[in-house]
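Inside the fold
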Amino acid sequence: MQKITPFLWFDGQAEEAANFYTSIFKNSKILNIARYGEAGPGAKGTVMMATFQLEGQEFMALNGGPHFTFSPAVSLRVNCKTQKEIDNLWEKLSADETAGQCGWLKDKYGVSWQIVPTVIGRMMQDKDSEKRERVMKAILQMKKLDIQALQRAYNRP
């Protein structure tokens with residue numbers, strides 16, 4: 001069992017969301033679906049909690065009701081090696097065309113995601129502050145991150 005598990009609160013869509021997410025990411029699966037019993041608070045037999053893995057990371061999704069909603073203050077970051085992976089995830093996860101800046105998007109459940117190329121880490125840790133500044137300026141202009149455009153900004157003299 002992993003020490004820290006992200007716990008996501010849904011209003012009746014926990015199982016649907018778990019199925020949606022596991023259909024998108026490789027190395028993913030539903031681990032368990034727990035249902036409410038006689039004691040409730042949900043209707044007997046309805047889904048209380050879904051436990052699932054995305055890329056080997058365990059998550060729990062609770063049908064807790066309308067009391068809480070998601071906020072961009074907490075997001076799930078996905079490190080992508082290729083532009084094809086970024087494009088694919090962006091297409092499947094993004095539900096709001098107006099949302100998102102700098103690789104952030106919001107899915108149909110309101111969960112915020114950061115779809116980020118792995119090369120950004122190297123670029124943003126470069127000792128050359130001018131390179132870092134150029135990359136940051138490029139990032140701030142983008143919604144979905146573009147590896148080639150970031151590489152051009154990084155390499156530009």
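See the structure shown above.
Figured I'd write up the structure that's included with this text. On a predicted model such as this, the values are computed, not experimentally measured, just so you know. (Residues numbered from 1 in each chain as written. Predicted model: local features only at pLDDT ≥ 70, side-chain atom pairs only at ≥ 80, totals over all residues. Heavy atoms only, no water.)

Topic: the nonpolar core
- Among the nonpolar cores identified, the biggest contains 41 residues, and Phe10, Tyr21, Leu93, Trp113, Ile115 and Leu150 are the most heavily contacted of them.
- For this core, the element with the most residues is helix 1 (residues 14–24), which contributes 6 residues.
- Residues within four places of Phe10 in sequence aside, it is in contact with Ala17, Tyr21, Ala61, Leu62, Asn63, Gly64, Gly65, Phe70, Tyr109 and Val111. (Core = buried A, V, L, I, M, F, W, Y, C linked by side-chain atoms within 4.5 Å. Buried < 20%, exposed > 50% of the residue type's maximum accessible area, 1.4 Å probe, protein only. Helix = DSSP H or I, 4+ residues; strand = E, 2+ residues; numbered from the N terminus. Contact = heavy atoms within 4.5 Å.)

A short note on the packing of aromatic side chains
- Enumeration over the complete set of coordinates arrives at 10 aromatic pairs.
- Centre to centre, the rings of Trp9 and Phe68 are 4.9 Å apart; their planes meet at 90°, and the pair counts as edge-to-face. Of the two residues, Trp9 sits in strand 1 (residues 7–10) while Phe68 sits in the loop between strand 4 (57–63) and strand 5 (75–80), which places them 59 residues apart along the sequence.
- With 5.6 Å between their ring centres and 55° between their planes, Phe20 and Tyr21 make a pair best called tilted. The pair Phe20 / Tyr21 is uniform in exposure class, with both members buried.
- One aromatic cluster in this structure is built from Phe10, Phe20, Tyr21, Phe25, Phe52, Phe59, Phe70, Tyr109 and Trp113.
- Positioned above the aromatic ring of Phe20 is the side chain of Lys108, whose terminal nitrogen or guanidinium carbon lies 4.3 Å from the ring centre.
- Against the face of Tyr154 rests Lys131, its NZ or CZ located 4.6 Å from the ring centre. (Phe/Tyr/Trp six-rings, centres within 6.5 Å; stacked < 30°, edge-to-face > 60°. Lys NZ or Arg CZ within 6 Å of the ring centre and 35° of its normal.)

A look at the packing of helix 1 against helix 2 (residues 83–93)
- It is the contact of helix 1 with helix 2, at a shortest axis distance of 11 Å, that shows an interaxial angle of 160°. Relative to helix 2, the element helix 1 lies roughly antiparallel. By crossing handedness, the relation of helix 1 to helix 2 is classed as right-handed. Of the residues in helix 2, those touching helix 1 at Phe20, Tyr21 and Ile24 are Leu89, Lys92 and Leu93. (Axes fitted to C-alpha atoms, helices over the stretch in contact; angles between N-to-C directions. Parallel < 35°, antiparallel > 145°, perpendicular 65-115°, else oblique. Left-handed = near helix turned anticlockwise from the far one by under 90°.)

Here we look at the side chain of Ser28
- For Ser28, the location among the structural elements is in the loop between helix 1 and strand 2 (29–35).
- For Ser28, the side chain forms a polar contact with the main-chain oxygen of Phe25, separated by 3.0 Å.
- There is a polar contact of 3.1 Å between the side chain of Ser28 and the backbone nitrogen of Glu55.
- For Ser28, the residues in contact, after removing those within four places along its chain, are Thr22, Gln53, Leu54 and Glu55. (Polar contact = N/O pair within 3.5 Å; in protein donor to acceptor, adjacent residues only side chain to side chain.)

Focus on the pattern of salt bridges
- Using the criterion set out here, one finds 2 salt bridges in the structure.
- The partner of Glu38 in a salt bridge is Lys44, and the shortest N-O contact between them spans 2.7 Å.
- Looking at Glu38, the relative accessible area reads 67%, which means it is exposed.
- The salt bridge involving Asp87 is made with Lys144; its shortest N-O contact spans 3.0 Å. Here the residue Asp87 occupies a position in helix 2, and Lys144 occupies one in the loop between helix 4 (129–140) and helix 5 (147–155), the gap between them amounting to 57 residues.
- Asp87 sits in the partly exposed class, given a relative accessible area of 29%.
- Here Lys144 falls in the partly exposed class, since its relative accessible area comes to 34%. (Salt bridge = Lys/Arg side-chain N within 4 Å of Asp/Glu carboxyl O.)

As for the side chain of Gln114
- Positionally, Gln114 belongs in strand 7 (residues 112–117).
- For Gln114, a relative accessible area of 17% gives the class buried.
- Side-chain polar atoms of Gln114 contact the side chain of Ser75, separated by 2.7 Å.
- Those residues in contact with Gln114, other than ones at most four positions away along the chain, are Ser75, Leu76, Arg77, Val78, Gly103 and Trp104.

Distances and angles like these do not, on their own, reveal function.
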